[in-house]
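Okay, here's what each chain looks like letter by letter:
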Amino acid sequence: MSFPILSFVTFFPVAGAVLLIFVPKEKTNLHRYLALAFTLITLVASLTLYFHFDGAVADPQFVEKSGWLGYGINYHLGVDGISLWLVLLTTFLLPIAVLSSWTSIQKRVKEYLIFMLLLESGIIGVFVSLNLFLFYVFWEAMLIPMYFLIGVWGGPRRIYATLKFVLMTMFGSLLMLVAIFALYSFYYKATGTYSLEIFDFYKLILNPQVQGWLFLGFALAFAIKVPMFPFHTWLPDAHVEAPTAASVILAAVLLKMGTYGFLRFALPLFPDALERFLPLLSILALIGIIYGGLMALIQKDIKSLVAYSSVSHMGLIMLAVFSLNTEGVEGAIYQMLNHGLSTGALFLIVGILYERAHTRLIKDFGGVSSQMPVFSAFFLVCLLSAVGLPGLNGFVGEILCLFGIFKTSQLQAILAVSTVILAAAYLLWMYQRVMHGPITNEKIRSFKDINKRELGYLVPIIIMMFWMGIYPQPFLRKMDASVSRLLDRVHNRERIFLRETSQTTSLKSDRAAEAEVDQTAKKILAELEEKR
Amino acid sequence: MGIFLFFLLAILCVGGVLGMILSKNQAHNALFLVFAFACLGGLFGLLDAPFIAAVQIIIYAGAIMVLFIFVIMMVNLEQGISPEKKKWTLGLSAVLAVFLLVELGLAVRGMLGSLGRTGGPSIGSPTELGRLLFTDYLYPFEITSVLIIAALVGAIVLVKKKEKE
Amino acid sequence: MDGLASLYPLLAVVAGALVVLLLEVFIKKEKRDYLGYVSLAFLAAAAYLTVSSWNRELTYFQGTLSLDNLAIFLTLLFSLAVALVILLSLKYIGQQDANHGEIFALLLLALSGLMIMTSSSDLLVIYLGLEVLSISSYALAGLKRRDEKSGEAALKYFLLGSFASAFLVLGLAFLFGAARSTFLPEIIVHFGTAAAPSIMGFFGIALILVGFGFKVAVVPFHMWTPDVYEGAPTPVTAFFSVGPKAAGFVVLLRVFMNFWDTVPSSSVIFWALWAISALTMVVGNLVALRQTNIKRILAYSSIAHAGYLLVAILARDYSSLVFYLAAYLFMNIGAFAAVIGLSKTGTEYLELDDFAGIGFRYPWIGGTLTIFLLSLAGFPPTAGFLAKFYVFSAAVRAGLVPLVVIGVLANLVSVFYYLRIVVYMYMREPGREVDIEIENPALFLVLFLCLYGVLQLGIFPGNILIVIKQAIASLPVF
Amino acid sequence: MFWLIPLLPGASAFILAVFGKWLPKKYVSWQACLSVFASFGISLVSFFGLLKVPPGSLPVIKTLFHWIQSGSFNADLSLQLDPLSSIMTLVVTGVGLLIHVYSVGYMAHDKGYQRYFTYLNLFTFAMLILVMGANLVLMFVGWEGVGLCSYLLIGFWFEKHSAANAGKKAFIVNRIGDAAFILGIFFIFLIVGSGDFRAITGAIEGGAITQGMATLIALLLFAGATGKSAQIPLYVWLPDAMEGPTPVSALIHAATMVTAGVYMVSRMNLLFTLSGVAGQVVGIVGALTAIFAATMALTQNDIKRVLAYSTISQIGYMFIGCGVGAYAAGMFHLFTHAFFKSLLFLAAGSVMHALSGELDMRKMGGLRKYLPLTYPTFLIGAIAIAGVPFLSGFFSKDAILTHAFAQGQYFIWALGLMGAVLTAFYMFRLVFLTFFGPERIESHAKEHLHESPRVMTVPLVILAFFSIIAGYVGLPVVLGEKANLFSRFLDPVIHPGPEVHLGISTEWLLILVSVAVALCGIYIAYVFYLKSPRTPHRIVARFPALYKLLYNKYYVDEVYNAAFVKPLVNGSQVVYDNFDLKVIDGTIDGTAAATSFAGKVLGLFQSGLVKDYTLVLLLGVVIFLGYLLF
Amino acid sequence: MIPVGYFFSLSIVLFVLGIIGFFVKRDLITMFMAVEVMLNAANLAFIALAKAAGSPAGQVIVFFVITVAAAEAAVGLAIILLVFRQKKSIKAEDMRLMKG
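What you see is a predicted model; the values in this text were computed from it and never measured.

A.B. asks: Explain the overall build of chain D to me, please; I cannot follow it from the model alone.
C.D. replies: A count of helices and strands for chain D gives 26 helices and two strands. Taken over the C-alpha atoms alone, chain D extends approximately 115 × 65 × 55 Å along its principal axes. Considering only intrachain contacts with a sequence separation of at least 6, the fraction spanning at least 24 residues in chain D is 81%. Positive and negative side-chain charges in chain D, numbering 38 and 29 respectively, have mean positions lying 8 Å apart.

A.B. asks: How should the arrangement of the chains be read in this particular structure?
C.D. replies: Once contacts are tallied for each of the eight pairs of chains in contact, the highest total is for chains B and E. The smallest C-alpha distance separating chain A from chain B is 39 Å, and no contact links them.

A.B. asks: Would you mind showing me how to read the side chain of S119 of chain C here?
C.D. replies: Relative to the helices and strands, S119 of chain C resides in the loop between helix 4 (102-118) and helix 5 (123-141). Residue S119 of chain C is classed as buried on the basis of its relative accessible area of 4%. Ignoring any residue separated from it by four or fewer positions in sequence, one finds S119 of chain C in contact with Y139 of chain B together with T64, L65, S66, L67, A71 and R254 of chain C.

A.B. asks: Would you mind going over the packing of helix 4 (residues 113-132) of chain D against helix 5 (residues 136-154) of chain D with me for this structure?
C.D. replies: Helix-helix packing is characterised by the crossing angle of the two axes and by the distance between the axes. Residues and elements named next belong to chain D. Between helix 4 and helix 5, whose axes approach to 7 Å, the crossing angle comes to 155°. Here helix 4 lies roughly antiparallel to helix 5, going by the angle between them. For helix 4 against helix 5, the interelement crossing comes out left-handed. When helix 4 is examined against helix 5, the residues Y116, Y119, L120, L122, F123, A126, M127, I129 and L130 are found in contact with a partner set consisting of L138, M139, G142, W143, G145, V146, C149, L152 and L153. Class assignment for the residues of the contact of helix 4 with helix 5 results in 16 nonpolar, two polar and no charged.

A.B. asks: Just checking my understanding: could you explain the side chain of S43 of chain D for this structure?
C.D. replies: Relative to the helices and strands, S43 of chain D is located in helix 2 (residues 25-52). The residues touching S43 of chain D, leaving out its near neighbours within four places in the chain, are I5, T89, L90 and T93 of chain D.

A.B. asks: Quick question: what am I supposed to make of the pattern of salt bridges here?
C.D. replies: Working definition: two side chains of opposite charge can pair if their charged atoms are close together. If you walk through the whole model with that rule in mind, you get 38 salt bridges over all chains. A salt bridge links E442 of chain D to K363 of chain D; the shortest N-O distance between them is 3.5 Å. With a gap of 79 residues between them, E442 of chain D in the loop between helix 18 (410-435) and helix 19 (443-447) and K363 of chain D in the loop between helix 15 (327-354) and helix 16 (374-386) connect regions that are remote in the sequence. The partly exposed category is assigned to E442 of chain D, whose relative accessible area is 32%. Salt bridges here are not isolated pairs; linked through shared partners, they connect E148, K149, E152, K156, D227, E230 and R296 of chain C together with K87 of chain E.

A.B. asks: Any chance you could explain a nonpolar patch on the surface here in plain terms?
C.D. replies: Residue and element names in this part refer to chain D. On the surface, F390, V458, I462, F465, F466, I469 and Y472 cluster together to form a nonpolar patch covering roughly 610 Å² of accessible area. Position of I462 relative to the elements: it lies in helix 20 (residues 454-469). The exposure class assigned to I462 is partly exposed, which follows from its relative accessible area of 30%.

A.B. asks: How should the interface of chain B and chain E be read in this particular structure?
C.D. replies: With 79 residues of chain B at the contact, the number on the chain E side is 68 residues. Buried surface at the junction of chain B and chain E, both sides included, amounts to about 6800 Å², of which 81% is carbon and sulfur. Where chain B meets chain E, there are one salt bridge. A salt bridge links D48 of chain B to K51 of chain E; the shortest N-O distance between them is 2.9 Å. There are eleven residue pairs in polar contact (both at pLDDT 80 or more) connecting chain B and chain E. Sorting the residues of the side of chain B that touches chain E by element identifies helix 1 (2-22), helix 2 (26-46), helix 3 (50-75), helix 4 (87-109), helix 5 (126-134) and helix 6 (138-159) of chain B as the ones contributing at least two each. If one sorts the elements of the side of chain B that touches chain E by residue count, helix 3 of chain B sits on top with 14 residues. Split by residue class, the side of chain B that touches chain E holds 59 nonpolar, 13 polar and seven charged.

How each quantity is defined
- Residues numbered from 1 in each chain as written.
- Chains lettered and ligands numbered in written order.
- Predicted model: local features only at pLDDT ≥ 70, side-chain atom pairs only at ≥ 80, totals over all residues.
- Heavy atoms only, no water.
- Helix = DSSP H or I, 4+ residues; strand = E, 2+ residues; numbered from the N terminus.
- Contact = heavy atoms within 4.5 Å.
- Lys, Arg positive; Asp, Glu negative; His and termini not counted.
- Charge placed at Lys NZ, Arg CZ, Asp CG, Glu CD.
- Buried < 20%, exposed > 50% of the residue type's maximum accessible area, 1.4 Å probe, protein only.
- Axes fitted to C-alpha atoms, helices over the stretch in contact; angles between N-to-C directions.
- Parallel < 35°, antiparallel > 145°, perpendicular 65-115°, else oblique.
- Left-handed = near helix turned anticlockwise from the far one by under 90°.
- Nonpolar A, V, L, I, M, F, W, Y, C, P; charged D, E, K, R; others polar.
- Salt bridge = Lys/Arg side-chain N within 4 Å of Asp/Glu carboxyl O.
- Patch = residues over 30% accessible without salt bridge, like charges linked within 9 Å, V, L, I, M, F, W, Y side chains within 5 Å.
- Areas by Shrake-Rupley, 256 points an atom, 1.4 Å probe, with all protein chains shown as cover.
- Buried area = accessible area lost by both parts, 1.4 Å probe.
- Polar contact = N/O pair within 3.5 Å; in protein donor to acceptor, adjacent residues only side chain to side chain.

In structure tokens form, the structure reads like this:
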């Protein structure tokens, strides 16, 4: 057995957290360096994933599987072309998050960093789990550090925000848990064996009615997480109150858990239900795009502006996912990474401003550019990345998303393309009010341009933005196989049928198909038998 | 004769309970209850349970009620306590009690006839009971010892004076 | 005589109680901790005697006492619970003016009641065990004799308890009338063979359910819980929240294990229990929302947990029930232990306002309490999550989807109030001056044991799960 | 090697962006100018190389690497060279070079010197990508890139509210067009399966695109062009763009970027031709814009604004050309316009420079004698644009109008002609007010009054030279079948369009009419502003409403503001306050409150009274038993 | 020769009377007495049913129930005394220190 690299990446931060517990409280700098070291090592370790990942293979790679609790609950990790990128995004952003809170967090540094590290593990765990139980464990467990990060180190309304965040998320995920249970029992009834393996569930074929309910269970959880309109209101609150690094992680990675959930579960597990709910979901995503953009236009707080922009962007990603074609889905995945980078960077930038001004209200700023020229350049690049300017990462993702949407529905694309205009409008308007114009607030005159540390964490992001904008091939190519497998599943092209007496029924009605189905099912059952 | 005795005892018993309910004075209450329990003992006797009847009268009417009266004397209230004043609680409880009565009545209605009549072979002789207690019911019997220890310890611990006091 | 061995654990515990009572007379007040240690020793002995009977299926007294594997497991669990409570009491009783050596004796007696209840299938024995437990509990609740709340708690517990037990006795009478026996297997067989089970028999079942429902605190028989939990000495509350509840559910397990399949119209009872379960989960969690006293919050939470446990009964997945009980033991005693930790001589800090800011001031107490609360709320990777997972997944498998939906939504409500405590601990600035006496090694031992239990059961419950499954599997099915 | 053309300025921009902070001004100017100069050199070389390439192997394509590839969406990073792009590269690098040089003097004292040249180089890079991109997506990259640079350069002096505002406005308005452009690209991808120009040409020639679809796509693309090229209805950003430094106005908002739309339409000429309707729309929009903008230019007092409206109007002409199928003529006007319009702007910049930044013509006058070099060059530019014969503007404008007439588009032709009168009029109004008449210069400005340094005037002279001669590459057909070198050169790329033959006499007549019209405009300006300067006031007094309407630019900005911006912002605010905060959040908070309230109500039963507790228990029993009974 | 059903019916009546007593009375002692009435009613039912069944088991059970009642009475009265010492009252409605 080779080195369990995925387990290492997943749990190394936890080890860091445990180590930090035993470092005396007073040595705050030691804490910071240790946390940074742990996240960096995790990053390096995760990079080996990138180098050894074979883009031509659709199946999960670096698989680790061992029994855990029995009854289908296994310890099963693996990454495919979809999750690989989200893992990398997480490991990439965590050192940045740690660096960004170097000076802004002065109180309870130790606990803060411990929660950061735990959060990292939780998020990575979500992306690498191939067992639904394990997935759910990480999915829920990751809420706790976030809860603390917002609740303890957040702004004045932090308690409201953090409870809203946790409760709304849990509302969805608890219903998802019920749906998971249902899948679990259907699988048991169909095969007589327990399983919670995602790939086993792909083989299940359920009757459309049942699928509908289960799909709703899953979709609601993910829709809240994304967040799709109209479940989005936790997001601005959480962002406004969260400390910078938490905002970064929240926007950059946590929201992706929702879209990832759709890709990994909601779509391939319930293709028939998906067909039924697709119009509704598409409309919600579409509303999200426009609504988020319009709301962003009039926000008074920079952070809530960026938060609403996230709503809009995530709407686009969701709509692209629902387009169910290669361009759309690859674009969506790509755009997830872009959104992670650009919105994460924007939150970092707001954090930098906040550290200097102790306010985030747009009206308190003006003319910052003349005081902080370097900063303003960085700000602009990140902003343009979010706007989707060609040459930067945002464009590649956006155009693929839009094209994917377009291929499926021109009408939707025509409406969705308004994001191009709206994003420019609200972001540039904000930029103008904050950075341009004469200096109105005397406090701004005392602002110092960004220091080396801030430079240190912005530069990697900027480099990634350019790289992903100019040479996206390595990213896209590693997605291909997994995405096409996913789409095959969604489009019913590759389904292994398991027939069951009462609860589940085959969809194919004509006799020939039935016979074929039976044969396949027999083969599969025989295989299962052999394995046992 | 038996029937007459039953009705007499039943009416007296119910009367005793009603007396307890209606009287204000706790000491009277206790006495009413002693009376009712004694009547109950009589009913037990009618039901071919002489041993239990004796136990009922000795333990209940004797020991337990004496305990009550002790406590009543220790509490020593000057005047009695009138019945419940919260009318709606009382009303609701009365309604519920009537419902319960109806429900229980309906439930047992069908089987009352099948219960048979008193008389016939004697079942409740002390010998028989004693044999049962130390054979089939030995375990419960042993448990009662634990129970009584617990009650003893509990009662003592709650009412004993503190060492310093 | 092999059967006699089945009596040994009980004997050890009762003997322990007597020895403690005797010793109490001779030991100086300052050295009463030793009484605790003696009790622990007897508990250890009882545990040893219990474990040594594993898989031996000892029965005695014509089967009215049967030390089957389930009973053994639960006896161990109860012994552990009582041991933890004793550890918690060591300092508490001196600190909070409840300084009686009798607490140990009473705890041991209550334990014997639990053991009697769980190791028998005879309703009379179970009833007697319940009464042993109840009478000890009444006394335990009133142990803080100068505290009016404690007295009131004892009184309410006692009055309501005896009221409920009157129903229980009536139920016993009905059952006896219907089945001519108090022996559960016989009752079930009677129900199974009777062409149409008599309404009287069902009334009997119902009234017995009232009696046990009272003990495990399900709605609407739960009203005593918050007041008693609040008033009783905190270690005793900890005991109340796990011991009687677990024993009550084991009795329900024994009652219903063969009931559903054997008895023709058992669905009537099933739906009643369904409603009770739903009501319990909803009401327990809802009322907890507005509480400000941590003991009351935990009381309502324990009501809600009874609802979840009922789901397991309805789902007929008894191993998940027992697992839940085990998990619940650790997290709840742990939570109470942390609450006990927040006290000083003569004062207990129980209001939420007192909790403001203590998370960072007392990181160990705050941290462990947080984990216990998260476990109660069902967050992974704690025992609470796994327990709920097993129960609810079994319920879905049994087709109880609406009930599970109600359950998870109620659970969502519970997340709010559990997290609210965490909010106070970590996210509020300290208000009132709270200073506690930290030195309490026994307390920290309990905290760590519970923490270990919560995490072990949450992450690697393998062996315990297997043990439970075996225990359940070895129960007779007819 | 031609692929180096865009990369050199790009590399220079990159270096300046990253290290500019530490580089001395002198080095910066050299690097910036040299990089463009090198590009220009390569462009020239490639141009001549291209002449030798047989038409069959056009365009020359260099693929650098696969850029985006996902499903059926393919876009390579590949550059192409064909006559069309070659001309554009020459214009961009050539005019760009001069403006770079000019800027060295113009921006000498600005503290954002390095930043300025970074932007300028970046712009050159993006513009070159635009014209050389071998597929629509890459063209779009350049398209957006120049938009960005335009934004950056307009808002170069971002401390000024107006500048920052104008930059933002330019970007957003452009984005509206871009959104349509993107949709157009998507339709092409959907039908053609590729964005490569070659593939598109092939598809059109192969008949893969129906006429209706072609119309749809062409209109979408043209909508993009109206944004970038400042046509109705999206022209509103261009006048405001004058907030940027003047060389920027010259380069971006006159010579190159704003003509990108024309380039794009010419590039897609097959599509427009196929559609027919789309061409008609282009022509009409162009004509309307030409006259509409010209009227607005009449009353402006800001020298750069007049030029800005004039630009809009001139681009209108180019679109007329494209619209009537005379793409070559449109491109030709683009070519000549690049020279004279940048000349005009630079000269205007020189005037400003001389007057310490003064832009208001009412505070000028009689500058002729102070600015010995600026004056003649400006005059040349004005003559050229007015359409006086023998200068470049005459040839190109005439070519367009002739084609319009020849196509039977008399309405468009008439509009164009009217525009020509107006153009001549307002240009000479500008000239007369600025360089003739009494001096109205403010005293402090007068103290510093001086001609610009050599580095600024030399480009003026060079541009003036080209403004005169550039027309001779595209002489009217009247002078011989082969006289129009320009058009012949473009033949391989541009669909020749329907053969039109006007009689020689008709053609001469048309030329005469054009000339007459131009002279007429100049004369009126002479009468109004030199001979009897009171006339304008009288006219204003006679038609106050009209004057006000023109002076306020038809209130278009205000209308847009009231019709789109305000409702959007205010509406969003209303929705936010009422829907987001009240309905959605209200539902969530309300659910929480209701839950809590339910808890409170249920808690009421917990009264502390034993009897109440018992009552609940009893109630439970009664219900339970009752349920069992029934 | 009395029908056993009479006894059984009487037991139900007594049980309900006990409940009513519990609610009518306000002093803790008498309320507890009412509970004792309920227990005794149950006992009566047991004995009646034992008679009907012809087995003495019911009687044995009653014996245990009486024992339990005695034990309960002891502790219960101790508690009432304890409360009386604390509050100088045995009114049920005075016992509401804890609620909500």
